[in-house]
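# Geometric and topological summary
Each chain, written out:
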Amino acid sequence: MARATKKTARGRAAPRLAKVGPGELLTLLDFVRYAVSRFVEAELAFAHGTTDPVAEAAFLVSEALHLNPEQFEIFANARVTVAEGKTILDLIHRRVTTRKPAAYLVNKIYMRGLPFYVDERVIVPRSFIGELLDSHFGSDGAAGSLIDDPTAVERVLDLCTGSGCLAILAAHHFPNAAVDAVDISKGAIEVATRNVGEYGLEDRISLYRGDLFAPLGDARYDLIITNPPYVDAEGMAALPPECRAEPKLAFDGGADGLDVVRRILREAPDHLTPDGGLICEIGRGRELVDEAFPELPLLWLDTEDSEAEVFWIAAADLG
């Protein structure tokens, strides 16, 4: 009787990685090259903090060796011990065979150079809003600044906070602000609580479990930031295995992807100060958003890696 072949979650045979003999891989770069070959061979998807197989391989190797990603270049040609090599190869094997995001395998992701804890209870953070806080909410009065003086911001709200990373970045960027962060998921609030605690921000960031603005009463904010679920039904059906490992709730935006966005735009005016504003990430849905809200003067913002995937609107323009 033939032995049953081990299957992946989607019913395909699990990939078999090429065997590595003793002494064949020596340096960090050797392991990165091996990982890249395996990742490309397995046709993995990259959208969880890294955008290509080389960056992902370097991230996993660095984490296995307890190195900050910025230290990789310094040690690129350093040799790896036998025990360390086994740890790296195990991570590579798990990444290929489970198709889980690398961040879940090491329980860590970096945003704007800061590390955050993540696990399967939250979507892996990859919002562009963190970069936009630096580029469009500066203190030098440069052209394009949406809020010239970060020290004048007193209250910030992060809707759909997930791991709490944007709330923490906002607390760092707006030093005098109290930050409220909301998520409907109990698991997400638990992860966010851990991250807030690790940064010692319990006295500045308040976490609420609830549906958007529901747990906030009549509170008003100088700035609302949100990276809500915005994947439409067609996109949900086409998600790669890596994304299917993440909470469905964090992706599903309804038939056209705008169910949650519509609610946010409808309810935000009741929670913004007169001079406040809303910044919202919507992915590649600009055309749908513009069609759905032709009356709103949305300002679409670009980052180094995105074009018109985030919009800003002032409270005065929301009505």
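One structure accompanies this document, and this report is about it. The residue count restarts for each chain, going from 1 along the sequence in the order it is written. In view of the model being predicted, local features appear only for residues whose pLDDT reaches at least 70, and side-chain atom pairs are presented and counted only at 80 or more, with totals across whole chains, interfaces and linings using the full set of residues. Only hydrogens and water are removed before side-chain values are computed, so all heavy atoms of the structure are retained for them.

### Some words on the environment of Val179
Going by this rule: To qualify as a helix, a DSSP run of H or I must reach at least 4 residues; to qualify as a strand, a run of E must reach at least 2; elements of each kind are numbered from the N terminus. We call a residue buried when its accessible area falls under 20% of the maximum for its residue type, exposed when it is over 50%, and partly exposed in between, using a 1.4 Å probe and counting protein chains only. Two residues form a contact once any of their heavy atoms are found within 4.5 Å.
With respect to the element layout, Val179 can be found in strand 4 (residues 178-183). Under the relative-accessibility criterion, Val179 is labelled buried at 0%. In the structure, Val179 is positioned 31 residues away from Asp148 in sequence and 19 Å away in space, judged by C-alpha atoms. Excluding its chain neighbours within four sequence positions, the residues that come into contact with Val179 are Val156, Ala167, Ala171, Arg204, Ile205 and Ser206.

### Section: the packing of helix 1 (residues 28-41) against helix 4 (residues 82-98)
When two helices pack together, their arrangement is given by the angle between the helix axes and by the axis-to-axis distance. The criterion, for reference: Axis lines are fitted to C-alpha atoms, over the contacting stretch for helices. Their N-to-C directions set the angle, which ranges from 0 to 180 degrees. Roughly parallel means an angle under 35 degrees; roughly antiparallel, over 145; roughly perpendicular, 65 to 115; everything else is oblique. Note: crossing handedness is left-handed where the near helix turns anticlockwise from the far helix by less than a right angle, and right-handed where it turns clockwise. All amino acids are sorted into three groups, where Ala, Val, Leu, Ile, Met, Phe, Trp, Tyr, Cys and Pro are nonpolar, Asp, Glu, Lys and Arg are charged, and the leftover types, Gly among them, are polar.
Where helix 1 meets helix 4, the axes come as close as 10 Å, and the angle between the chain directions of the two elements is 15°. Comparing the axis directions of helix 1 and helix 4 gives the class roughly parallel. For helix 1 against helix 4, the interelement crossing comes out right-handed. Here Phe31, Tyr34, Ala35, Arg38 and Phe39 of helix 1 come into contact with helix 4, specifically with Gly85, Ile88, Leu89, Ile92, Arg95 and Val96. Split by residue class, the contact of helix 1 with helix 4 holds eight nonpolar, one polar and two charged.

### Some points on the packing of aromatic side chains
Defined as follows: Each Phe, Tyr or Trp ring, with Trp reduced to its six-membered ring, pairs with another whose centre is within 6.5 Å; inter-plane angles below 30 degrees give stacked pairs, above 60 give edge-to-face pairs, and intermediate values give tilted ones. Whether a charge sits over a ring depends on NZ of Lys or CZ of Arg being within 6 Å of the ring centre and within 35 degrees of the ring normal.
On inspection of all chains with the given rule, the structure shows five aromatic pairs. For the ring pair Phe39 and Phe46, a centre distance of 6.3 Å and an interplane angle of 50° mean the geometry is tilted. The exposure classification of Phe39 matches that of Phe46, with both residues buried. Between Trp300 and Phe311, the aromatic rings sit 5.4 Å apart at their centres with planes inclined by 70°, giving edge-to-face as the arrangement. On the criterion of sequence distance, the pair formed by Trp300 in strand 8 (residues 299-301) and Phe311 in strand 9 (residues 310-314) is long-range, its members being eleven residues apart. Given the relative accessible area of 0%, Phe311 is considered buried. Clustering of aromatic rings is evident, with ring pairs tying together Phe137, Phe174 and Trp312. Against the face of Tyr117 rests Arg194, its NZ or CZ located 3.7 Å from the ring centre.

### So, the sheet that holds strand 8
Rules: When DSSP locates at least two bridges between a pair of strands, those strands are taken to pair.
Strand order in the open sheet formed by seven strands is 5-4-3-6-7-9-8, and the pairing between neighbours is mixed. The open sheet terminates on both sides in strands that have one partner only, identified here as strand 5 (205-209) and strand 8. Neighbour to neighbour, the strand axes of the sheet diverge by 20° on average, direction disregarded. Bridge count for strand 8 against strand 9 is three bridges, and the pairing is antiparallel. Bridging across to strand 9, Leu301 finds its partner in Val310.

### Some details on the state of the cysteines
As a reminder of what qualifies: The term disulfide is used for any two cysteine sulfur atoms that are within 2.5 Å.
All chains considered together, the criterion is met by zero disulfides. Cys243 takes part in no disulfide bond, and the closest cysteine sulfur to it belongs to Cys165, at a distance of 16 Å. By relative accessible area, Cys243 is classed as buried at 8%. Looking at Cys280, it has no disulfide partner, and the nearest cysteine sulfur is the one in Cys160, 8.6 Å off. With relative accessibility at 1%, the residue Cys280 sits in the buried group.

In short, geometric facts, not functional conclusions.
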